[in-house]
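Coordinate inspection notes
Chain by chain, the residues run as shown.
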Amino acid sequence: MRTTGRVSIVGAGPGDPEFITVKALKRIQEADVILYDRLVNEELLSYAPPEAIRIYCGKAPGEHAVPQEGINKLLIRYGLQGKRVVRLKGGDPFVFGRGGEEVLALAAYGIPHEVIPGITSAIGSAASAGIPLTHRGVAASFACVTGSRCHGDGTPVRWDLLAHSVDTLVIYMGVKQIPFIREQLLLHGKPGATPVAFIEQGTTHLQRSFLCTVEDMQEVAAQVKLGNPALIVVGEVAHIPEQVAALQSAASMRIG
Ligand code: SAH
């Protein structure tokens, strides 16, 4: 039996279980232990061997099923036992996924580990909502930002700089903070007419998306009862799905 195992910190992708990498799937198929998060599509667990230990580590916003320290301890314990451990996380493990903290904890015990990236929800959800995050002549940059103020661990979001220097903002964990986000954007000079898209449950069969503006984003979120998980995309690119739909229907009228 091996004295040390390998812990794979794996991105499961944004929701649709088919958006997982081949490498990630192989690790799941060979796993002895899988520790998985709330946003992971549970269908992916069906690829694991039946005898694999499955541990739910999910956290709904504001609550912690297994605290991060507990997850680190489990990873270390199974790693030291020589198990093949898969730490399965929604989206990408290094994008608001605390994957870095887990890697640091494993490294402190000298446990072999690897990180397998996943499609982060910004990329996955934007694609399935038809929003290119960059678009020639419209947006030359995008930034992924947390909207959660409880992320306030010494890395505050610089709304003042972001409002001016980035063309497309993709805001994670922002649903509960929409009034604050709106206020910050307006305060720092983002025009009220700037388009905003909400994408809820992106890439899944439950996906809903809405187009509004910075000005009315709070009102619209309340109207549609925007729920988690959702992303907020701020920028002119949010208009592109409308343009695509208009061209598509004009073309089908010409052809049909
Ligand atoms: N590591 C993940 C992000 C975890 S933070 C990733 O790379 O995607 C959790 C936040 O991600 C949620 O609050 C939401 O803003 C976003 N998110 C995750 N899955 C999503 C989905 N299917 N649709 C829309 N947003 C999603």
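Up top is the structure.
Note that this is a predicted model, so its numbers are computed, not measured.

**Structural notes on the environment of V22**
By the secondary structure assignment, V22 is in helix α1 (residues 22-29). Under the relative-accessibility criterion, V22 is labelled exposed at 60%. Counting along the chain gives 215 residues from V22 to V237, while the straight-line C-alpha distance between them is 31 Å.

**Quick word on the site of the ligand**
Around the ligand, the surrounding shell holds 19 residues, and the nearest of these are P14, V95, T120, S121 and A230. Separating an oxygen atom of the ligand from a backbone N or O atom of M173 is a distance of 2.9 Å. For the ligand, whose free accessible area comes to 550 Å², the fraction covered by protein is 91%. Elements with a minimum of two residues in the shell around the ligand: α4 (121-129) and β10 (230-234). Here the residues of the shell around the ligand sort into ten nonpolar, eight polar and one charged. Shared between two domains, the shell around the ligand holds at least three residues of each, these being domain 1 (6-116) and domain 2 (121-242).

**A closer look at helix α2 (residues 68-80)**
End to end, α2 covers 18 Å across 13 residues, agreeing with the expected 18 Å (1.5 Å per residue, within 8%). If you check which residues of α2 are buried, you get Q68, I71, N72, L74, L75, I76, Y78 and G79. Of the surrounding secondary structure, the elements contacted by the buried residues of α2 are β1 (6-11), β2 (33-36), β3 (53-56), β4 (84-89) and α3 (99-108). Where α2 ends, the next residue or the one after it, G82, has phi of about 80°, a positive value.

**A look at the side chain of R27**
With respect to the helices, strands and loops of the structure, R27 is situated in helix α1. R27 gets classed as buried once you look at its relative accessible area, which sits at 13%. Polar side-chain contacts of R27 include one of 2.5 Å to the side chain of E114.

**Quick word on the pairing of β10**
Burial within β10 is extensive, with five of its five residues counted as buried. Burial along β10 is two-sided: A230, I232 and V234 and L231 and V233, pointing in opposite directions, are all buried. Pairing of strand β8 (residues 195-200) with β10, which is carried by five bridges, proceeds in the antiparallel orientation. Bridge pairing in β10 links F198 to I232.

**What about the nonpolar core?**
With 24 residues, the main nonpolar core has L169, F198, M217 and I232 as its most contacted residues. Broken down by secondary-structure element, the contributors of at least two residues to this core are β6 (142-146), α5 (159-165), β7 (168-172), α6 (178-187), β8, α7 (217-223) and β10. The biggest single contributor to this core is α6, with four residues. Excluding residues that lie within four positions of it along the chain, I232 makes contacts with L169, V170, I171, G174, I178, I181, V196, A197, F198 and M217. Listed in part, the 17 residues of the second largest apolar core include V66, L75, V85 and V103.

**Brief notes about the packing of α2 against α3**
A packed helix pair is summarised by two numbers, namely the angle formed by the two axes and the spacing between the axes. At a minimum axis distance of 10 Å, the contact between α2 and α3 shows a crossing angle of 45°. Taken together, the axes of α2 and α3 are oblique relative to one another. As α2 packs across α3, the resulting crossing turns out to be right-handed. Packed against α2, whose contacting residues are Q68, I71, N72, L75 and I76, the element α3 presents E101, E102, A105 and L106 at the interface. Per-class residue counts for the contact of α2 with α3 are five nonpolar, two polar and two charged.

Cut-offs and rules
Residues numbered from 1 in each chain as written. Predicted model: local features only at pLDDT ≥ 70, side-chain atom pairs only at ≥ 80, totals over all residues. Heavy atoms only, no water. Helix = DSSP H or I, 4+ residues; strand = E, 2+ residues; numbered from the N terminus. Buried < 20%, exposed > 50% of the residue type's maximum accessible area, 1.4 Å probe, protein only. Near = heavy atom within 4 Å. Polar contact = N/O pair within 3.5 Å; in protein donor to acceptor, adjacent residues only side chain to side chain. Areas by Shrake-Rupley, 256 points an atom, 1.4 Å probe, with all protein chains shown as cover. Nonpolar A, V, L, I, M, F, W, Y, C, P; charged D, E, K, R; others polar. Domains from an automatic or database assignment. Expected span 1.5 Å × (residues − 1). Contact = heavy atoms within 4.5 Å. Pairing = 2+ DSSP bridges. Core = buried A, V, L, I, M, F, W, Y, C linked by side-chain atoms within 4.5 Å. Axes fitted to C-alpha atoms, helices over the stretch in contact; angles between N-to-C directions. Parallel < 35°, antiparallel > 145°, perpendicular 65-115°, else oblique. Left-handed = near helix turned anticlockwise from the far one by under 90°.

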